Amino acid sequence: MHRCPELAPTLLDSSETGCYCFPGEPCWPTPSEWGAFNQTVGGQLIATIPIASPCHENDSFGPYDASACEALQANWLFPRTHYESSSSIMAEFYANQSCSPFLPPAARCIVGTYVQYSVRVQSSADIQKTIAFTTAHRIRLVIRNTAHDYLGKSTGAGAVAIWTHHLKDIEFSDYKSSAYSGKAIKVGAGVQIFEANSAASKQGLIVVGGNCRTVGLAGGYTQGGGHGQLVSQFGLAADQVLEWEVVTGTGELVTATPDNEYADLYWALSGGGGGTYGVAVSMVSKAYPEMKTATAILSFTSVGAAQKDFDDAVEIFFNQTLGPLLDVRGASVWFLARESFAMTPTTIPGGTKEQLQQILDPVLVALNRSNIAYSYHIDEFPTFFSSFENMSPDVNVTEYNLGGRFIPRSVLDSEPSALAERFRRITDQDAAIAGISVNASRSDQNNQINSVSPAWRDAAIAVVVGTALSFTNQTVNIANQRLVTDVLLPELVALTPGGGAYLNEADPHQPEWQSTFYGNNYNKLLAVKKKYDPQDVFYALTAVGSEAWVETMDGRLCRTGA
């Protein structure tokens, strides 16, 4: 086992030790050092107590409580259960069963792969102090807000988390720059999409945000690109950004815009992935006037119907509905399994009910012709906000092992039957497919150059493939994730050679991930990373620069080859 030497509290080159200091080693800060650090951040240092500790006996966190455990199990899939915690994460695989509410009371309950401590930051100064402390003691650092990521980027064994969740300020302004004049919203790094939506609605405005309302707006969502129902109208979330307020890896607080001395940092943060260039304190983005919105939801199954009729209706959705929808700058959120299909919802911001109905009619005609029962509702709302609140159901924690792929518009137009057949091959293996269909090609709204993957601009669908997640058997999860990597995703790769995938909804074992997630931007992004984080303070799985690190069997983070 690698052991760190005693370290003086000075800035060190990571090559001197190879691995970050780990709890229990001589280099780990003493209780008095942790206490002194806690004072510097106003008493906001939180030692991790796994939220599932009441479900276990003989742990050091507290007594077993059957009723508390039962309540936790009932609420485990609700995002609030995790984003109100300073340590819990929604990507169950990366918790590594450290303290699971679904294992027997006698099972272990340890901090494990959860962060050791979190700092509930109240200001940029708290972030700077945390970076200084962890760098001085060679402790792994993690950036977390809601823990709403699919790749475990907001946790880490032996780490301290900068917890930005309580940076909740929201301001609106009339913004003017060389590239943009109009309404803008400034959000703290802890603001979630539902909070930004609500605040904007009161101003008669809308903001590009995701379909999952509990995600943080300024974090990995926007920094990774950011899709949602308004993307076809206005561009990706990253296309909206006007300014970033950020603490770099050297602890410097800067404001990065497209036309100041930190333009390269602005470029990297706007689409080049989160958790690796610096800690976002706040973000300024474009806001737009509210607009009427046509929205529809549809679901049907193959139960009581011929499987071929079900498959034909699904194929019609892909080859007759999605193209026309994207042409009028609409969007669709949909889910496909072997015997069920649902779109929740399909939307045309600025469109009419009649316009949307005409686009969806071919699918409905096919369902009626085959006597397939379905549930359908279409409406026209006076505002996008009212459409979103009424027609976009809450999205809970994802219970899948994931991988993703962009489906270019050229495939949708020229090979819709081949695409549908690939989807059938995937769902035949008990996997599910989720899709976000948007048209992110709109460049006239994207007046600032950013680092969004070029593959986004040609994509008609951001596909996510998922296999079942077990809460009790990690061996099964490892096998199911490998099925995604080795069998299911290759079905789509063969149809999209040289294509890309959305870095926020991805396979952790994605081959050639640098080019797949970042395209030809990767080398430039890496140069920006090295400039603003020369000591490699920030690490996240599959983030730019992460190839320099590896996690060992016990979860510690070490230099590759250490």
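None of these values were measured; they are calculated from a predicted model. Every chain's residues receive numbers from 1 upward, in the order its sequence appears when written. Thresholds applied to this predicted model are a pLDDT of at least 70 for local features of residues and 80 or more for the giving and counting of side-chain atom pairs; totals over whole chains, interfaces and linings are not thresholded and use all residues. Hydrogens and water are ignored here; the side-chain numbers use all heavy atoms of the structure.

1. Considerations on helix α18 (residues 522–532)
- The buried label applies to any residue whose accessible area, calculated with a 1.4 Å probe on protein chains only, is under 20% of its type's maximum; exposed applies above 50%, and partly exposed to all values in between. Numbering of helices and strands runs from the N terminus, with a helix taken as a DSSP run of H or I at least four residues long and a strand as a DSSP run of E at least two residues long. Listing the buried residues of α18 in full gives Tyr 522, Leu 525, Leu 526, Val 528, Lys 529 and Tyr 532. Seen along its axis, α18 keeps its buried residues to an arc of 160 degrees; they face one direction. Facing away from the buried side of α18 by over 90 degrees, the exposed positions are Asn 523 and Lys 530.
- Residues of α18 that are buried sit in contact with β8 (241–248), α9 (263–269) and α17 (513–518). Directions pointing from the helix axis toward each C-beta atom define the arc. Contacts are assigned to residue pairs with any non-hydrogen atoms lying within 4.5 Å of each other.

2. Let's talk about helix α6 (residues 193–202)
- Regarding α6, the residues found buried are Ile 193, Ala 196, Asn 197, Ala 199 and Ala 200.
- On its buried face, α6 is in contact with β5 (170–176), β6 (181–188), β7 (205–206), α7 (220–223) and α12 (384–391).
- Phi for Gly 204, located one or two positions after α6, is positive at around 70 degrees.

3. Some points on the pattern of salt bridges
- We count a salt bridge whenever a side-chain nitrogen from Lys or Arg sits within 4 Å of a carboxyl oxygen from Asp or Glu. One pass over the structure, following the stated rule, counts 23 salt bridges.
- A salt bridge links Glu 25 to Arg 556; its shortest N-O distance comes to 2.8 Å. Of this pair, Glu 25 sits in the segment before α1 (31–40) while Arg 556 sits in the loop between β19 (549–551) and β20 (557–559), and the two are 531 residues apart along the sequence.
- A relative accessible area of 4% means that Arg 556 is categorised as buried.
- One salt-bridge network, in which partners are shared between bridges, spans Glu 315, Glu 421, Arg 422, Arg 424, Arg 425 and Glu 491.

4. Concerning the UniProt feature "domain: FAD-binding PCMH-type" (unreviewed entry) in the chain
- Look at the UniProt record and you will see "domain: FAD-binding PCMH-type" (unreviewed entry) annotated at residues 110–290.
- Structurally, residues 110–290 comprises 21% helix and 30% strand, and the distance from its first C-alpha atom to its last is 48 Å. UniProt positions are given in the numbering used here, feature names are shortened, and annotations may be inferred rather than shown by experiment.

5. What to know about unusual backbone geometry
- Backbone torsion omega between Thr 344 and Pro 345 reads 0 degrees, so that peptide bond is classified as cis.
- Along the chain, the position of Pro 345 falls in strand β14 (residues 340–349).
- Despite not being glycine, Asp 430 shows a phi value in the positive range, around 60 degrees.
- Look at Glu 512: it is not a glycine, yet its phi comes out positive at around 50 degrees.
- Tracing the sequence through the fold places Glu 512 in the loop between α16 (474–495) and α17.

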